[in-house]
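# Chain and residue survey
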Amino acid sequence: MEDSLNPNSSNMRQWLALARMPGLGSRGIRRLLHQFGTPARLFECATGGRHEAGLKPEILAYLRSPDWDAVRQDMDWLRQPGHHLLTLDHPLYPRLLGETADPPPLLFVNGDPLLLSSPQLAIVGSRNPSASGRRTALDFAHCLAES
């Protein structure tokens with residue numbers, strides 16, 4: 001298996017392309033991974049013209065032509081010092097997070113990924129929060145940091 005911490009990994013590019021699929025979400029990604037095993041196998045089935053894979057037409061269309069420009073931007077971020085990508089199958093993916101009902105399939109880490117196995121507290125929310133949600137999260141984080 002290629003190291004998903006290596007920004008030159010084709011495995012990493014496939015994970016990023018999968019994560020960029022519009023309307024898929026973490027549950028959809030996990031469902032596809034359960035069905036195909038790996039992003040590489042999923043892309044292989046989709047691009048190899050294998051319609052028997054049982055994929056919806058919009059998923060097949062995206063897998064045949066992913067948003068490689070967006071993936072390139074992610075890869076540029078990952079090439080910066082201290083930036084990492086942890087996938088569900090990576091040994092450094094936090095075990096307890098992986099045991100939750102809906103673990104994120106990818107974690108973008110800025111810093112030492114080994115620290116993710118230490119006791120910690122996290123604030124998890126929407127990528128597109130409301131103004132009120134953003135204020136509440138900032139206030140909560142501020143209070144926690146002062147403690």
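It should be emphasised that the depicted structure is a prediction, and the values quoted were computed from it without experimental measurement. Throughout, residues of each chain are indexed from 1 in the direction in which the sequence is written. Given that the model is predicted, a residue must reach a pLDDT of at least 70 before its local features are reported, and side-chain atom pairs must reach 80 or more before they are shown or counted; all residues, however, enter totals for whole chains, interfaces and linings. Each side-chain value is worked out from all heavy atoms of the structure, with water and hydrogens disregarded.

### What about the nonpolar core?
Put simply, a nonpolar core is a bunch of buried Ala, Val, Leu, Ile, Met, Phe, Trp, Tyr and Cys residues held in one set by side-chain atoms that sit within 4.5 Å of each other. Think of it in three bands: with a 1.4 Å probe and only protein chains considered, a residue is buried below 20% of the maximum accessible area for its type, exposed above 50%, and partly exposed in between. Counting residues in each nonpolar core, the largest one holds 25 residues, and the members touching the most others are Leu16, Leu18, Met21, Leu32, Leu42, Leu55 and Leu63. Contributing elements (two or more residues each) for this core: helix H1 (10–19), helix H2 (25–36), helix H3 (39–47), helix H4 (57–64) and helix H5 (68–78). Note on contacts: a residue pair qualifies if any of its non-hydrogen atoms lie within 4.5 Å across the two residues. When sequence neighbours within four positions are dropped, the list of residues in contact with Leu16 reads Val71, Asp74, Met75, Leu78, Leu85, Leu106 and Phe108. Runs of E in the DSSP output that reach at least two residues are strands. Runs of H or I that reach at least four are helices, and both are numbered from the N terminus.

### Regarding the pattern of salt bridges
Think of a salt bridge as a Lys or Arg side-chain nitrogen and an Asp or Glu carboxyl oxygen that are within 4 Å of each other. Taken as a whole and judged by the stated rule, the model has seven salt bridges. Its salt-bridge partner being Glu44, residue Arg41 comes within 2.8 Å of it at the nearest N-O pair. One end of the pair is Arg41 and the other is Glu44, both in helix H3 and three residues apart, which spans about a single turn. Using a relative accessible area of 31% as the deciding quantity, one classes Arg41 as partly exposed. You can call Glu44 partly exposed: its relative accessible area is 48%. Ionic pairing is found between Asp76 and Arg79, a salt bridge with its closest N-O pair at 3.4 Å.

### Notes on H4
Residues of H4 that are buried: Ile59, Leu60, Tyr62 and Leu63. Along the axis of H4, the buried residues cluster in a sector spanning 165°; they form a single face. Turned more than 90 degrees away from the buried face of H4 sit Pro57 and Glu58, all of them exposed. Elements that come into contact with the buried residues of H4 comprise H1, H2 and H3. Our arc is simply the arc of the directions from the helix axis toward the C-beta atoms.

### Focus: the confidence of the model for the chain
The predictor attaches a confidence to each residue, called pLDDT, with possible values from 0 through 100. With 91% of its residues at a pLDDT of 70 or more, the chain has an overall mean of 86. The weakest mean pLDDT in the chain belongs to H3 at 87; the strongest belongs to H5 at 95.

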